[in-house]
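Here is how the chains run, residue by residue.
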Amino acid sequence: MKILQVLSNFRFSRYFKLLFVVWDVVLLNSAIFLSAWIRYGDLERLFLKEVQTISLLSNLIWITLLLGREAYRLVRIEPLEAILKRTIRKFIFHIAIITFFVVFLNYREISRLRLVYFYAIFFVLLLVSRYLSMKFLKYVRAKGFNFKKFIVVGANGAGETIRKTLSEDLTYGYRFLGFFDEEVGVSESFSESRVKGGFDMVEQLVAANAIDEVYVSLPIDKIDVIHKLIKICEKHMVRIKFIPDFQLYTKSSRVNISFYGNTPILSFRTEPLEYTVNRLLKKAFDLLFSLAVIVLIFPWLFPILMIIIKLESPGPIFFKQERTGRDKESFFCWKFRSMYTNKQADQVQAEKGDPRVTKFGAFMRKTSIDELPQFFNVFWGHMSVVGPR
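What you see is a predicted model, and the numbers here were worked out from it, not measured in a lab. (Residues numbered from 1 in each chain as written. Predicted model: local features only at pLDDT ≥ 70, side-chain atom pairs only at ≥ 80, totals over all residues. Heavy atoms only, no water.)

I'd love a proper account of the side chain of Arg337, names of residues and values included.
As for its placement among the helices and strands, Arg337 is situated in the loop between strand S9 (330-336) and helix H12 (359-367). In this structure Arg337 is buried but unpaired, with Glu312 as the nearest side chain of opposite charge at 7.3 Å. A polar side-chain atom of Arg337 sits 2.4 Å from the main-chain carbonyl oxygen of Pro316. When residues no more than four places from it in sequence are discounted, the contact partners of Arg337 are Ile309, Ser313, Pro314, Gly315, Pro316, Ile317, Phe318, Phe319 and Met364. (Helix = DSSP H or I, 4+ residues; strand = E, 2+ residues; numbered from the N terminus. Buried < 20%, exposed > 50% of the residue type's maximum accessible area, 1.4 Å probe, protein only. Lys, Arg positive; Asp, Glu negative; His and termini not counted. Salt bridge = Lys/Arg side-chain N within 4 Å of Asp/Glu carboxyl O. Polar contact = N/O pair within 3.5 Å; in protein donor to acceptor, adjacent residues only side chain to side chain. Contact = heavy atoms within 4.5 Å.)

Describe in detail the packing of helix H10 (residues 276-296) against helix H11 (residues 298-312), supporting the description with residues and values.
Two elements in contact, H10 and H11, have axes separated by 5 Å at closest approach and are oriented at 60 degrees. Across the interface between the two elements, Val293, Ile294, Val295 and Leu296 from H10 touch Phe298, Pro299 and Trp300 from H11. Its residues assigned to classes, the contact of H10 with H11 comprises 7 nonpolar, no polar and no charged. (Axes fitted to C-alpha atoms, helices over the stretch in contact; angles between N-to-C directions. Nonpolar A, V, L, I, M, F, W, Y, C, P; charged D, E, K, R; others polar.)

Tell me about unusual backbone geometry, residues and numbers included.
Despite not being glycine, Asn106 has its phi angle at roughly 55 degrees, a positive value. The residue Asn106 is located in the loop between helix H4 (80-104) and helix H5 (112-142) in this model. For Asn106, a relative accessible area of 41% puts it in the partly exposed group. Unlike most non-glycine residues, Met237 shows phi in positive territory, near 55 degrees. One can find Met237 in the loop between helix H8 (223-235) and strand S5 (239-242).

Lay out helix H7 (residues 202-209) in plain terms, naming residues and giving numbers.
Along an α-helix, a turn takes 3.6 residues, which lines up residues three or four apart on a common side. Those residues of H7 lying buried are Val202, Leu205 and Val206. Projected down its long axis, H7 carries its buried residues within an arc of 100 degrees, all on one side. Away from its buried face by more than 90 degrees, H7 exposes Gln204, Ala207 and Ala208. At its buried positions, H7 is contacted by strand S1 (148-153), strand S2 (174-180), strand S4 (213-216) and H8. Backbone geometry just after H7 places Ala210 at a positive phi near 50 degrees. (Arc of directions from axis to C-beta.)

Can you break down the nonpolar core residue by residue, with the values?
For soluble globular proteins, the rule of thumb is that nonpolar side chains tend to be buried together. Membership of the largest hydrophobic core comes to 26 residues, with the highest contact counts inside it found for Ile54, Trp62, Ile98, Ile110, Phe118 and Phe122. When sequence neighbours within four positions are dropped, the list of residues in contact with Phe118 reads Leu28, Ala31, Ile32 and Ser35. (Core = buried A, V, L, I, M, F, W, Y, C linked by side-chain atoms within 4.5 Å.)

Can you explain the packing of aromatic side chains? Please cite residues and give values.
As enumerated under the stated definition, the model contains 23 aromatic pairs in all. Pairing Trp62 with Phe122 gives two aromatic rings, centres 5.2 Å apart and planes at 75 degrees, and the pair type is edge-to-face. Placement of Trp62 in helix H3 (residues 49-66) and of Phe122 in helix H5 is noted, with a sequence separation of 60 residues between them. Taken as a pair, Trp62 and Phe122 share a single burial class, namely buried. Seen from their ring centres, Phe118 and Phe122 are 5.8 Å apart, and the 15 degrees between their planes marks the pair as stacked. In this pair, Phe118 and Phe122 both sit in helix H5, 4 residues apart, roughly one turn of the helix. Of the two residues, Phe118 and Phe122, neither departs from the other in class, the shared state being buried. Put simply, the rings of Phe298, Phe302, Phe318, Trp334, Phe336, Phe376 and Trp380 touch in pairs and so form one group of aromatic residues. When the ring centre of Phe176 is taken as origin, the NZ or CZ atom of Arg163, which lies over that ring, is 5.9 Å away. (Phe/Tyr/Trp six-rings, centres within 6.5 Å; stacked < 30°, edge-to-face > 60°. Lys NZ or Arg CZ within 6 Å of the ring centre and 35° of its normal.)

Following this line, the structure appears as structure tokens:
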């Protein structure tokens, strides 16, 4: 504990980026040496020109990836799973680039098996390193070291939410010192003991307690107070963060923020199909999946269904209905006929117990079998596979 007490007096966070890169380079080169030793039993082949070139390239590429905007992002409340996921993405990207260079440059002295050993060892070292470092930091913070002091200006729902988020888990390393608001005791959930004072008391507390972060949860009509808080935080070198109440706009607890230039845009959610890659993947899935259904299921199931539909009632086997698709283009949606032939099929939607529905038609509707012909619509590009039906 004495060691932790001594170490806590040093601001290692300011050197974290450099330490992060140096440590990863150590792990990478350790994996290079270990993979060579396992593959050949010695390190002589590491001094071949082609091997040295790829080793140098591996170091440069990984350092470049680490210098990315989110590689060593310090977010105390970020779950370990998110950190590992981000690391794996960079790892896969590294494999792709090195593989391309080895194949493109036609390096024959590069053992493909040694590359497999290298990436296997590097992958294990990375994950173990990330896991142990995060566990250690959480342990240190839970013991009361390496913590950040913060206050919340604005005793309201949004302010209470951020307090709970940062304070509920000791391993996050945050210590809450109180709310600041002019309307003390307005809400039952904010007693006078939790609200330390008004806005004019913020600077005094910031100066006296070495506050690390100030969270501002005030409505826009308090803009003069917000500007004063900004000046106070800049004067005392304290990070200030704002908690906008987006529920005033959306009435939703989850929103997505994007930037058009420097202008923030608020939306309910990110639409995956806005991205070209996702659209291509979705189109490929629709084509392959619908083709598989048409080739593997239709040849034996369709004749059975057609015979039953014809035997139960006279009329066509299929029912087609005009619908509007993408870009407002009309197309015919195909289904197996589940009703007796009637003139209102296109105008009046079937309801529970509708006498127009045949017995087998009711079974098809319940099991969604009547929807199967729509896989032809999917294959033709009129529709998309979007759900369990």
